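Each chain, written out:
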Amino acid sequence: MESTRAKLIDVLSSNPDQYISGQLLSEKLNISRPAVWKHMKELEKDGYEVEAVPRKGYRIVSYPDKLSTNTLQWGLDTDWLGQNVIHKPSVSSTQILAHQQAQEDAPHGTVIVADEQTKGRGRLNRTWHSQKGDGIWMSIILRPTFEPHRSPQITLLAATVLAEVFKRHCGIKPQIKWPNDLLTDGKKLAGILTELQAEQDQITYIVLGMGINVNHDRDVFPEDIQNQATSIKQETGESWAIGALIQDILQTFEKRYEEFIEEGFSKVKLRWEAFGYRLGEIVDIKTHQRSWSARILGIEHDGALKVCDEDGQVDILYSAEIQW
Ligand code: BT5
């Protein structure tokens, strides 16, 4: 049933402006015409607007705002990213589900999306607040063949993709706080969490998590983060269709990821620098060993952070936090 329905949506959405006759659909899907009609009624129940014109056929006019595997794939223009989508109304964390799926051989490019996370997580097991229906809580399974030490570059790649999409799609220009935060006016709009499973010198898989505040009003955030969190709605004054935003992110990510695989990190570095937070400024930095003030010089050819302290001492950092 589900796969017939998915095929039906696929056929209708591959020619969005054309009517497809009931006869043709019944042949393509190998089901009777009454069964085609029944599927159309089911689609309407799920919020699809279907136009049926006698002697012409059927056409999907609009798809529901409600997220589902079908709506996320409807019109998605990618070759491999999101060809397998798992959507859940509520999960503990899309990262956890993604790890389970990856261990059960889910393919490269599998996307897990949830409307709500009850235990969304940030780095170092920090909590990630994931309000129902307001944001994008998504994990992508990647199975790259490059060496494990390059996996942090995926975080920077993802950050540049989000910055690019936020700018083009929503008209805001975010800044990327190394390594994984997207900020506007110093407030956090999105965070990225890259988790790696590797054996010896080989990556088994990467789970790339993205948490994006889309339609949050200020008072929706817990008090302790209200002053440091923002959303696309707060920055633009309008609400955004989450499905369309996810599709733009997936389409852009696929393109940029392929570029990265073919050409290496150099283009990501350039893009990163166009969005870098407080580049050239003096900030407070913290690592496991120490805290100090230093000027951000930029990132290295491999994505490491390059800073210079007041005595002229240059450090290349692979793990650090830039303080607010
Ligand atoms: C991150 O961690 O920024 C990575 C966040 C990744 C979340 C995604 S959602 C999909 C996938 N599934 C998951 O379970 N996780 C990923 P970090 O840099 O450690 O920042 C965490 C800190 O950001 C918290 O300690 C809070 O201070 C703050 N914070 C929590 N929720 C926030 C939110 N919704 N918006 C802005 N800041 C938030």
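Note that the structure is predicted; figures quoted are calculated from it, not measured.

Draft legend 1. Seen up close, the overall build of the chain. Assigned secondary structure in the chain consists of nine helices and 14 strands. Computed over the C-alpha atoms, the radius of gyration of the chain is 22 Å, within 12% of the 20 Å expected from 2.2 N^0.38 for a compact globule of 324 residues. If you line up the chain on its principal axes, its C-alpha atoms span 80 × 45 × 30 Å. Residue burial in the chain is summarised as follows: out of 324 residues, 37% are buried. Taking as baseline every contact in the chain between residues at least 6 positions apart, the subset at least 24 positions apart corresponds to 59%.

Draft legend 2. Broad picture of the UniProt feature "binding site: biotin" (unreviewed entry) in the chain. Per the UniProt record, "binding site: biotin" (unreviewed entry) is found at Gln117, Arg121, Gly122, Arg123 and Lys188. On the secondary structure map, arginine 121 appears in the loop between strand 4 (111-117) and strand 5 (135-142). A tally of 20 C-beta atoms within 10 Å means that arginine 121 is categorised as buried. Here glycine 122 shows up in the loop between strand 4 and strand 5. In this structure glycine 122 touches Thr127, Trp128, Gly191 and Leu193, once residues within four positions along its chain are discounted.

Draft legend 3. Focus on the sheet that holds strand 13 (residues 314-317). If you walk across this open sheet you meet the five strands as 13-12-11-10-14, and the pairing is antiparallel. In this open sheet, the two edge strands, each paired with only one partner strand, are strand 13 and strand 14 (321-322). The pairing of strand 10 (residues 282-286) with strand 14 spans two bridges and is antiparallel. Note on strand 14: the bridge partner recorded for isoleucine 285 is isoleucine 322.

Draft legend 4. Local environment of the sheet that holds strand 7 (residues 181-184). Strand order in the open sheet formed by seven strands is 3-4-5-9-8-7-6, with mixed pairing between adjacent strands. Strand pairing shows two members of the sheet lacking a second neighbour, strand 3 (85-91) and strand 6 (175-177), which therefore form its edges. Adjacent strand axes in the sheet meet at a mean angle of 20 degrees, parallel and antiparallel pairs treated alike. Strand direction decides the pairing type here: strand 6 and strand 7, joined by three bridges, are antiparallel. Residue pairing for strand 7: isoleucine 176 is matched across the bridge by leucine 182. Docked against the sheet, helix 8 (residues 242-263) engages strand 4 and strand 5, running at close to 30 degrees with respect to strand 5.

Draft legend 5. Spatial organisation of the pairing of strand 9 (residues 202-213). Strand 9 sits mainly inside the fold: ten of its twelve residues count as buried. The pairing of strand 8 (residues 187-199) with strand 9 spans ten bridges and is antiparallel. Within strand 9, the residue paired with glutamate 195 across the bridge is valine 207. Hairpin connection between strand 8 and strand 9: a loop of two residues separates the two successive antiparallel strands, and glutamine 200 in this loop has a positive phi of roughly 45 degrees.

Draft legend 6. Layout of the site of the ligand. Surrounding the ligand, one finds 29 residues, the nearest of these being Ser93, Gly122, Gly191, Gly209 and Gly211. Secondary-structure elements contributing two or more residues to the shell around the ligand are helix 5 (94-103), strand 5, strand 8 and strand 9. Across the shell around the ligand, the residue classes tally to nine nonpolar, 15 polar and five charged.

Draft legend 7. A look at the UniProt feature "domain: BPL/LPL catalytic" (unreviewed entry) in the chain. Per the UniProt record, the feature "domain: BPL/LPL catalytic" (unreviewed entry) sits at residues 73-261. End C-alpha to end C-alpha, residues 73-261 measures 24 Å, and it is 29% helix and 29% strand.

Draft legend 8. Just the nonpolar core, in detail. Membership of the largest hydrophobic core comes to 74 residues, with the highest contact counts inside it found for Val113, Met138, Ala158, Leu162 and Met210. Per-element accounting of this core gives the leading share, ten residues, to helix 6 (residues 152-170). Valine 113 has contacts with Leu67, Leu72, Val85, His87, Thr94, Trp137, Met138 and Ile246, leaving out every residue within four places of it along the chain.

What counts, and at which threshold
- Residues numbered from 1 in each chain as written.
- Predicted model: local features only at pLDDT ≥ 70, side-chain atom pairs only at ≥ 80, totals over all residues.
- Helix = DSSP H or I, 4+ residues; strand = E, 2+ residues; numbered from the N terminus.
- Rg over C-alpha atoms; globule rule 2.2 N^0.38 Å.
- Buried ≥ 20, exposed ≤ 12 C-beta atoms within 10 Å, placed from the backbone.
- Contact = placed C-beta atoms within 7 Å.
- UniProt positions renumbered as here; feature names shortened; annotations may be inferred.
- Pairing = 2+ DSSP bridges.
- Axes fitted to C-alpha atoms, helices over the stretch in contact; angles between N-to-C directions.
- Near = placed C-beta within 6 Å.
- Nonpolar A, V, L, I, M, F, W, Y, C, P; charged D, E, K, R; others polar.
- Core = buried A, V, L, I, M, F, W, Y, C linked by C-beta atoms within 7 Å.

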